[in-house]
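Residue strings, one per chain:
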Amino acid sequence: MEKPTYQRVLLKISGEALAGAPGRGIDFAFARQVCQVVQDCVRHGVQVGLVVGGGNFWRGVKDGGGRMERARADQMGMLATVINSLALQDVLEQLGQPARVLTSIPMGPVGEIHSQPAADRYLREGKVVLFAGGTGNPYFTTDTTAALRGMELQCDAIIKATKVDGIYDKDPAKFPDAVKYDSLSYDETLSRHLGVMDAAAFALVRDNNVPIIVCRMLGGDIRRAILGEQVGTIVHDC
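Only a predicted model underlies this, so the values are computations on that prediction, with no experimental measurement involved.

Caption draft 1: Looking closely at the overall build of the protein. Each helix and strand in the protein was counted, giving nine helices and eleven strands. In terms of C-alpha radius of gyration, the protein reaches 17 Å, essentially the compact-globule figure of 18 Å for 238 residues. The buried share of the protein, taken over its 238 residues, is 51%. Looking at the protein alone, contacts between residues at least 24 apart form 72% of all its contacts between residues at least 6 apart. By element, 51% of the accessible surface of the protein is carried by carbon and sulfur atoms, the whole surface being about 10900 Å². Both charge centroids of the protein, one from 26 positive and one from 27 negative side chains, sit 4 Å from each other.

Caption draft 2: A look at the side chain of D120. Examined against the element boundaries, D120 turns out to sit in helix 5 (residues 116-124). The exposure class of D120 is buried, given its relative accessible area of 17%. With residues up to four places along the chain from it excluded, the contact list for D120 reads R8 and L153.

Caption draft 3: Structural view of the nonpolar core. Counting 39 residues, the largest nonpolar core has L11, I13 and L88 as the members making the most contacts within it. Looking at this core, the element that brings in the most residues is helix 2 (residues 28-43), giving eight residues. Excluding anything up to four places from it in sequence, L11 contacts V38, V48, G49, L50, V51, I159, A161 and I222. Core analysis: the next-biggest nonpolar cluster, separate from the first, contains 29 residues, L10, L123, V129 and L153 among them.

Caption draft 4: Focus on the state of the cysteines. If you walk through the whole model with that rule in mind, you get zero disulfides. Free cysteine: C35, not disulfide-bonded; nearest cysteine sulfur from C41 at 12 Å. When its relative accessible area of 2% is taken as the criterion, C35 is described as buried. Summary of cysteine pairing: C155 is not part of a disulfide, and the nearest cysteine sulfur, belonging to C41, is at 13 Å.

Caption draft 5: Broad picture of the sheet that holds strand 4 (residues 112-113). The nine strands lie next to each other as 4-3-5-2-1-6-10-11-9, forming an open sheet whose pairing is mixed. Single-partner strands in this sheet number two, and they are strand 4 and strand 9 (183-185). Direction of pairing for strand 10 (residues 212-216) relative to strand 11 (residues 233-236): antiparallel, over a ladder of three bridges. Residue V214 lies in a different strand from strand 11, and its bridge partner there is T233. Each of strand 1 (8-13), strand 2 (47-52) and strand 5 (128-132) is contacted by helix 2, which is oriented at about 155 degrees to strand 2, the strand it contacts most. Along the sheet, helix 6 (residues 142-152) contacts strand 1, strand 2, strand 5 and strand 6 (157-162); its crossing angle with strand 1, the most-contacted strand, is approximately 175 degrees.

Definitions and cut-offs
- Residues numbered from 1 in each chain as written.
- Predicted model: local features only at pLDDT ≥ 70, side-chain atom pairs only at ≥ 80, totals over all residues.
- Heavy atoms only, no water.
- Helix = DSSP H or I, 4+ residues; strand = E, 2+ residues; numbered from the N terminus.
- Rg over C-alpha atoms; globule rule 2.2 N^0.38 Å.
- Buried < 20%, exposed > 50% of the residue type's maximum accessible area, 1.4 Å probe, protein only.
- Contact = heavy atoms within 4.5 Å.
- Areas by Shrake-Rupley, 256 points an atom, 1.4 Å probe, with all protein chains shown as cover.
- Lys, Arg positive; Asp, Glu negative; His and termini not counted.
- Charge placed at Lys NZ, Arg CZ, Asp CG, Glu CD.
- Core = buried A, V, L, I, M, F, W, Y, C linked by side-chain atoms within 4.5 Å.
- Disulfide = S-S within 2.5 Å.
- Pairing = 2+ DSSP bridges.
- Axes fitted to C-alpha atoms, helices over the stretch in contact; angles between N-to-C directions.

All we've got here are geometric facts, nothing functional implied.
Right, dumping it as structure tokens:
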């Protein structure tokens, strides 16, 4: 691997991406592929923090909407992110990559309570840090968690890894003529209503001028993005 452009990154992946064929649970073969990519980046000197969603188990208000109280539904979603974080920690450690789970709420032996100094120290030691439990508050998504932890730890970039190879003007799965953007400004992203992140997360990233790179999880895109190659779509202060 060449010298990375970004020395410290916050990687965000969706819980749905980890799901097996039924759309729920964890596809461990896929999780291993993702963790191998992360391990490769760490071996080449990149410090990696990771936020994973919980949609493969529970999607908060989307699953509980109309049937239960919103805050409690969101708390269930937070717990789902802890399950996924523990699974990814286990896969990383099987590969020989040290990892730590930091939770936003006290959870005893499950994970260490999050603190910025601890997270910073673990990253400097070459450990992958998995930020579990969202922000610890309802009404906030894991996109906001990624933005918040990325700002706290002064990450050079936030990489949002998805099943799609970038940001398009419309859904490429539905429209064959969808056009992919290579680069966008923060203002362009907002004016075109592209929905890269939820509003709270996007505002936090924009206000701190941290680039967002949207790319595929596999196929080498994460590695290439960290190297500074043109891959996926970058949202920044053009």
